[in-house]
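# Summary of structural features
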Amino acid sequence: MKHTLLYILAFAGLLLSSCKSDETLPTFAFDDNALTLTPAAGGAVLHYKLPDDPDVVGIHCRYNDCYGQPILRTGSALSDSMKLVGFNEAVSNVPCQISLQLRDGGESAPISRTFSTLDSDPITFINSMKVESGWNGFSINYKAPESVQGLYHVFYLGENPYTHQQDTILLDTKTITPGGDTIIYQPKQLKEQNTIVVKVEDYRGHVVRQRQWDVESMQTMKHDGIKIYYSNSVEDDKEKLGIQYLTDGDLNGWRWFESQDDHKTYTFISKKNGVGEGSAPMYVDIGEQTPTAEVRLYAYLFKGVGIGICRGGVPCWSSTQCQFIDTNIIAQELNNYYYNRLPCDIDVYGCRETDASTDFEHMKWEKIGSFKESNTKPQEDGVNNCWFYGCSDTRWRDGGDRSAEDVKALTPKYLSIKFMAAGQGQGYRYLKLVFNDCYRYSYEYANDTNTKMKVLTFNELEVYTKKHSK
């Protein structure tokens, strides 16, 4: 009622300001149902059928938008409808004046009508939004129309770094994604409880609504004692290859620097067909049912494990190096292209069973996360846009000798696959990782390319779960 009265008063002022009396304007008769007003998102649609008169060339509709600003919408004789815009939340009985545009530039006497509107796309968007507890933060999930326009701003209640007073701090500004989206946020100022404010703008830049949520921030921890099962692993004790090295605590590949022996690699690598259709899944037993936050897959920082075998089994470079590489398993499998064996397409599934078991095929799995990007991304967008950027082709990059402690102190490179906290309940005990593809970096010879070999590698696997209360 309040909105309707506002529109009537504003529109009355618009009519009083008219400089020409309606009594002097020509009038026209409309056929039945020649003018219909249908509610639409953020406004209405005027469907019209103009009189069969050569002097009529168009139609005008005047009204005031939700801010009281006068709006003129014009339709031509070449169409049969036009959109009336300028509204946010749904309203009823908006007055409007409809007149005909004449060939000589004049107008007919106006006809009074009213129309109703539906919620605009930004209002529909923010009404559908859910802000839920997340890992070290919170998550936002929303649905939106496919035709949506506008921006939204995400704030959280924290300490202003300049005044050191409590303040709403801008965390993100994003364009509304048509159809909807899910975003995970982890504010720098972590608290157990967070107050989240979201403001949404319309396509004209007006903030049309804001909402506030109070949500829990669940802290995470690395879960120790996980067990990994994988049937396609290269197991070689002499060269220190095997599934056990995915949980040995070596995130960067520093263990090699203790011995500097290329026959002791301390890492995991699969046999052929480690990725793609028919490849073996990797199973993880966390050891208990618990809410699960993410899986991390780490890469070697300094791979440099031999030169590899090129062109149909012919070794590369000098004969002395070739003689060495012939007995170096991982150098043959990597073929000097470590990045081509790193995963770029992974699906992760969770199982809620609580009892200890290795009967993985008969467990009930539900998809909980994934990571996917183009297998040619290193070529198309550059290695610096890939998750493993920062790894080196050589152990002696920058020309300096390195110790195990030096490498251990460096920042690791890892792929993180995060899972939504909401809806987990008691969480999962078992995880299944399905490796769909690995990268296709350039320069590798066609006869030995990993497109055919499909070898998989990464250096360490970690699982993060909800932090146990003390």
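Residues numbered from 1 in each chain as written. Predicted model: local features only at pLDDT ≥ 70, side-chain atom pairs only at ≥ 80, totals over all residues. Heavy atoms only, no water.

### Let's talk about the packing of aromatic side chains
What characterises a pair of aromatic rings is the spacing of the ring centres plus the angle enclosed by the ring planes. Heads up, the rule is: Only centres within 6.5 Å qualify two rings of Phe, Tyr or Trp (six-membered ring in Trp) as a pair; their planes then separate them into stacked at under 30 degrees, edge-to-face at over 60, and tilted for everything else. Numbered from the N terminus, helices here are DSSP runs of H or I no shorter than four residues, and strands are runs of E no shorter than two. Relative accessibility decides the category of a residue: with a 1.4 Å probe and only protein chains considered, values under 20% of the type maximum give buried, values over 50% give exposed, and everything between is partly exposed. Lysine and arginine charges are scored as sitting over a ring when NZ or CZ, respectively, is within 6 Å of the ring centre and within 35 degrees of the ring normal.
One pass over the full model with this rule turns up 22 aromatic pairs. Taking 6.2 Å as the distance between ring centres and 65° as the angle between the ring planes, the aromatic pair formed by Tyr 300 and Tyr 338 counts as edge-to-face. With Tyr 300 in the loop between β19 (292-298) and β20 (309-310) and Tyr 338 in the loop between α5 (329-334) and β22 (343-351), this pair connects stretches of sequence that are 38 residues apart. Look at Tyr 338 and you get buried, because its relative accessible area is 3%. Among the aromatic residues, those joined into a ring-pair cluster are Tyr 229, Tyr 283, Phe 360, Trp 365 and Tyr 430. If you follow Lys 199 out to its NZ or CZ, it ends over the ring of Phe 155, 5.1 Å from the centre.

### Topic: helix α2 (residues 121-128)
This is how it is decided: Any two residues whose heavy atoms approach within 4.5 Å are treated as being in contact.
Among the residues making up α2, those that are buried are Asp 121, Pro 122, Ile 123, Phe 125 and Ile 126. On its buried side, α2 packs onto β9 (137-144), β10 (151-159), β13 (193-201) and β14 (207-218).

### A few points about the side chain of Gln 424
For Gln 424, the position within the fold is in the loop between β24 (414-418) and β25 (428-438). The class for Gln 424 is buried, based on a relative accessible area of 2%. Sequence-distant contacts of Gln 424, that is, excluding residues within four places in its chain, are made with Trp 135, Thr 290, Pro 291, Thr 292, Arg 352 and Phe 419.

### Concerning the environment of Ile 368
Structurally, the position occupied by Ile 368 is in strand β23 (residues 366-372). Between the C-alpha atoms of Ile 368 and Glu 294, which are 74 residues apart in sequence, the distance is 9.9 Å. Sequence-distant contacts of Ile 368, defined by excluding residues within four places in its chain, comprise Val 348, Tyr 349, Gly 350, Lys 418, Phe 419, Tyr 428 and Leu 431.

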